[in-house]
Amino acid sequence: MKKCTISSGTLVDYIYGEIDDVSKLHEIELHIKSCPDCLMEIGRLEAVKKAAEANRVDFPEEIWSVQRQNILRKIRTDAPAKKSFGGIFHGIFDVKKLSLAALIIIMAGIGTQYYRNVKILDEQKAMADKMELLQNMEIIERLDFYEKMSLK
Amino acid sequence: MEYIEPQNRDDKEIIQEIKQGKEAAMDELIKKYQKRVYNTLYGMCMDYDTAWDVSQEAFVKVVQNINNFRGDSSFWTFLYRVTMNAFYDHKRKEKVRGRVGNFSDYEDDSGERKFDVKDAVNIEVDFEKKQMQEKMKTALSSLTNTQKEVFVLKTTEGLKIREIAGMLGISEGTVKSHLNRSTEKIKKALGGEAL
């Protein structure tokens, strides 16, 4: 578009007042005066800036006051509800007490399970002993039987 | 337009009083920043009612979460972040409301407002200006959120690129690039009127 060395980014910086270097600023201003393309581009960019700045809105003070009252009313109505909920929560579900209760329940659960496991293991052992005894008795009976048969 | 501060009290002093529950301090802080918040939001959406509703939401959130403000950044930076979060939340809710119809969880704020904000605007908007505003609105809607934020902070707030970079937590180079692109897009959208 432009046949000059000034970039469009530099022109944007220029219209938004971002060029702090005085000598560079002077150089750009001199260039714009002698370059019709840049002068036209500056005009377009200035128009964008002005259009955006014109978007600012202001109301009469009574309107701003209405907004402040609305905000304060909302803060007032929200705050006690939050506080009371927090209070109830804090009273019933105290975090430390909850943790302690959970720990006791977990420990009790582990203890009960351990007791059950030990009991089951004892029962299994007793059962195995009985089975072994029965098997031994059966072997003795058979041996007696074979002995009697051989004697006949 | 110069923002005239109602009082020159330091923000920290006012915030300290808000933390103690003083309502007058809340009113003072809102008064100090409400025009900036409203105009930033209006710049983002170009809708009087949305800017009104979201700015109210933002101030309520700021006061409710004032204990989270530790003073590491300026109060304006904190307020701006809360405002933008409220704005994006509002947009998300609007999107959902558009999809599901009048769902009870997403109540329309206009019922609470009880009036149309644009009726209170104290300027006679002529046809040409209205046309320009429409073009600007269309152009803004084509920008990304960050481009829009950069453009609004530059043109409405008049902040320096390094200040915008600090506020948005991005590099100065990125801010410059967003500013160039947004200005270019809006320049094209404004077309003949911009000349």
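On a predicted model such as this, the values are computed, not experimentally measured, just so you know.

Rules used in this analysis
- Residues numbered from 1 in each chain as written.
- Chains lettered and ligands numbered in written order.
- Predicted model: local features only at pLDDT ≥ 70, side-chain atom pairs only at ≥ 80, totals over all residues.
- Helix = DSSP H or I, 4+ residues; strand = E, 2+ residues; numbered from the N terminus.
- Buried ≥ 20, exposed ≤ 12 C-beta atoms within 10 Å, placed from the backbone.
- Contact = placed C-beta atoms within 7 Å.
- Nonpolar A, V, L, I, M, F, W, Y, C, P; charged D, E, K, R; others polar.
- Core = buried A, V, L, I, M, F, W, Y, C linked by C-beta atoms within 7 Å.
- Domains from an automatic or database assignment.
- pLDDT = per-residue confidence, 0-100.
- Expected span 1.5 Å × (residues − 1).

**Student:** Got a sec to walk through unusual backbone geometry? Specific residues and values, please.
**Tutor:** The phi angle of most residues is negative, glycine excepted, and most peptide bonds adopt the trans form. All names here are of chain B. A positive phi angle, close to 50°, is found at Met46, a residue other than glycine. Its place among the elements puts Met46 in the loop between helix H2 (23-45) and helix H3 (48-64). Judged by the 19 C-beta atoms lying within 10 Å of it, Met46 is partly exposed.

**Student:** Pulling in residues and values, what's your account of the environment of Asn180 of chain B?
**Tutor:** Here Asn180 of chain B is to be found in helix H9 (residues 172-190). For the pair formed by Asn180 of chain B and Val150 of chain B, sequence separation is 30 residues and the distance between their alpha carbons is 9.9 Å. If we skip the residues at most four places from it in the chain, Asn180 of chain B touches Gly9 and Val12 of chain A.

**Student:** Lay out the interface of chain A and chain B with the relevant residues and their values.
**Tutor:** Reports often express the size of an interface as the amount of accessible area lost when the parts come together. Of the residues lining the interface, 29 residues belong to chain A; the matching set on chain B comes to 38 residues. Breaking the side of chain A that touches chain B down by element, the ones donating at least two residues are helix H1 (8-15), helix H3 (36-53) and helix H4 (61-92) of chain A. Considering each element in turn, the side of chain A that touches chain B owes the most residues, 10 residues, to H4 of chain A. Looking at the side of chain A that touches chain B, its residues break down into 15 nonpolar, 5 polar and 9 charged.

**Student:** Please set out the nonpolar core residue by residue, giving values where relevant.
**Tutor:** Counting 54 residues, the largest nonpolar core has Ile18, Leu29, Leu41, Ala58, Phe59 and Leu79 of chain B as its most contacted members. Per-element tally for this core: the top contributor is H2 of chain B, with 10 residues.

**Student:** Tell me about the domain arrangement of chain A, and please be specific about residues and values.
**Tutor:** Partitioning chain A into domains gives domain 1 (8-53), domain 2 (60-93) and domain 3 (94-152). In this structure, domain 1 of chain A and domain 3 of chain A have C-alpha centres spaced 94 Å apart.

**Student:** Tell me what's going on with the confidence of the model for chain A, and back it up with residues and numbers.
**Tutor:** Looking at chain A as a whole, its pLDDT mean stands at 85, while 88% of the residues score no less than 70. Counting contacts from residues 83-88 of chain A, a segment whose pLDDT is below 50, to residues more than four positions away or on other chains yields 0 contacts.

**Student:** Got a sec to walk through H3 of chain B? Specific residues and values, please.
**Tutor:** Residues that lie three or four places apart on an α-helix share one face, since the helix turns once every 3.6 residues. For H3 of chain B, with 17 residues, the first-to-last C-alpha span of 25 Å sits near the 24 Å given by 1.5 Å per residue. Listed as buried for H3 of chain B are Ala51, Trp52, Asp53, Val54, Ser55, Gln56, Glu57, Ala58, Phe59, Val60, Val62 and Val63 of chain B.

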